[in-house]
Amino acid sequence: MIASFGFLEERLGHAISAITGAKKAPEEQAEEALDKWELTLAKALYDPLGKLIVDFENAVRAHQNVRILMIDELIDELKKVAAYRNPLCHGSWRAPDSRGQSEVFYVDRKLRRFETAIDVALLTELQSHIAHLACHVFNSVITLGCEPLDGKTSEET
């Protein structure tokens, strides 16, 4: 389950890199654009999921073919699963109750407590949804007409 978040983050990083790397720059601004893109590449390696989603959305919205994607729905779904990442990865899990549900103690930076009881069924559903979203992110690169930077085709992902 936790590895699924890592895979989604990797897909977002690749998508950001491919989409922003496809942006054309005037020859006199090429070196500056390349320096900026290198910074984008580096940040895509270490930024947390929430920031990657914002950067992905910005990259897609800035692309000339954005109208062919249903970006609002994809971003909404990415944000929904992102709400589970830190609680599941960093929360303190309590023992399951008689229904097999565990409370996860996690408080975010805005002092909001995570309130969702977690069981195997939810984890299975969430993992499947994250994998599906990772494929959507990858396919958005192809749909926009950008070349994936990792050399994989959509059949290999």
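Preceding this section is the structure that the text describes.
So, here's what we can say about the structure. Computed from a predicted model, the values in this text were never measured in an experiment. (Residues numbered from 1 in each chain as written. Predicted model: local features only at pLDDT ≥ 70, side-chain atom pairs only at ≥ 80, totals over all residues. Heavy atoms only, no water.)

**Brief notes about helix α3 (residues 49–62)**
Taking 1.5 Å of rise per residue, 14 residues should cover 20 Å, and α3 covers 20 Å from first to last C-alpha, within 8% of that figure. Among all positions in α3, only L49, L52, I53, D55, F56, E57, A59 and V60 are buried. Buried residues belonging to α3 abut α1 (2–21), α2 (30–46), α4 (71–90) and α5 (120–143). (Helix = DSSP H or I, 4+ residues; strand = E, 2+ residues; numbered from the N terminus. Expected span 1.5 Å × (residues − 1). Buried < 20%, exposed > 50% of the residue type's maximum accessible area, 1.4 Å probe, protein only. Contact = heavy atoms within 4.5 Å.)

**Let's talk about the layout of surface pockets**
Size it by volume and the largest pocket reaches roughly 800 Å³. Forming the boundary of the largest pocket are 26 residues, of which T20, K23, K36, W37 and T40 lie nearest the centre. Where the lining of the largest pocket is concerned, the elements lending two or more residues are α1, α2 and α3. Considering only enclosed or pocket space, the second largest pocket measures out at about 530 Å³ in volume. (1 Å grid on protein atoms, 1.4 Å probe; cavity = no way out; pocket = protein on both sides within 12 Å on 5 of 7 lines; lining within 4 Å. Points joined across faces, edges and corners; volume = space filled by probe spheres on them.)

**Here we look at the side chain of S4**
With respect to the helices and strands, the residue S4 is situated in helix α1. Not counting residues within four places of it along the chain, the set of residues in contact with S4 comprises Q127 and I130.

**Details of the pattern of salt bridges**
What the rule picks out here adds up to eight salt bridges. With its nearest N and O atoms 3.2 Å apart, the salt bridge here joins K80 to E77. Here E77 and K80 lie together in helix α4, a separation of three residues that amounts to about one turn. The class for E77 is partly exposed, based on a relative accessible area of 25%. (Salt bridge = Lys/Arg side-chain N within 4 Å of Asp/Glu carboxyl O.)

**Some details on the state of the cysteines**
Tallied over the entire structure, the rule returns zero disulfides. With no disulfide of its own, C146 lies closest to C135 among cysteine sulfurs, the gap being 18 Å. (Disulfide = S-S within 2.5 Å.)

**Brief notes about the packing of aromatic side chains**
For the structure on display, the rule yields one aromatic pair. When the centroid spacing of 5.9 Å and the interplanar angle of 75° are considered together, the rings of Y84 and F114 count as edge-to-face. You can see Y84 sitting in helix α4 and its partner F114 sitting in the loop between β2 (104–105) and α5, a full 30 residues away along the chain. With a relative accessible area of 12%, F114 lands in the buried category. (Phe/Tyr/Trp six-rings, centres within 6.5 Å; stacked < 30°, edge-to-face > 60°.)

**Notes on the packing of α1 against α5**
Packing of α1 against α5 leaves a shortest axis separation of 9 Å and a crossing angle of 10°. As the angle between them shows, α1 and α5 are arranged roughly parallel. Contacts between α1 and α5 involve S4, F5, F7, L8, R11, L12, A15, A18 and I19 from the first element and L126, Q127, I130, L133, A134, V137, F138 and V141 from the second. Of the residues that constitute the contact of α1 with α5, the class distribution is 14 nonpolar, two polar and one charged. (Axes fitted to C-alpha atoms, helices over the stretch in contact; angles between N-to-C directions. Parallel < 35°, antiparallel > 145°, perpendicular 65-115°, else oblique. Nonpolar A, V, L, I, M, F, W, Y, C, P; charged D, E, K, R; others polar.)

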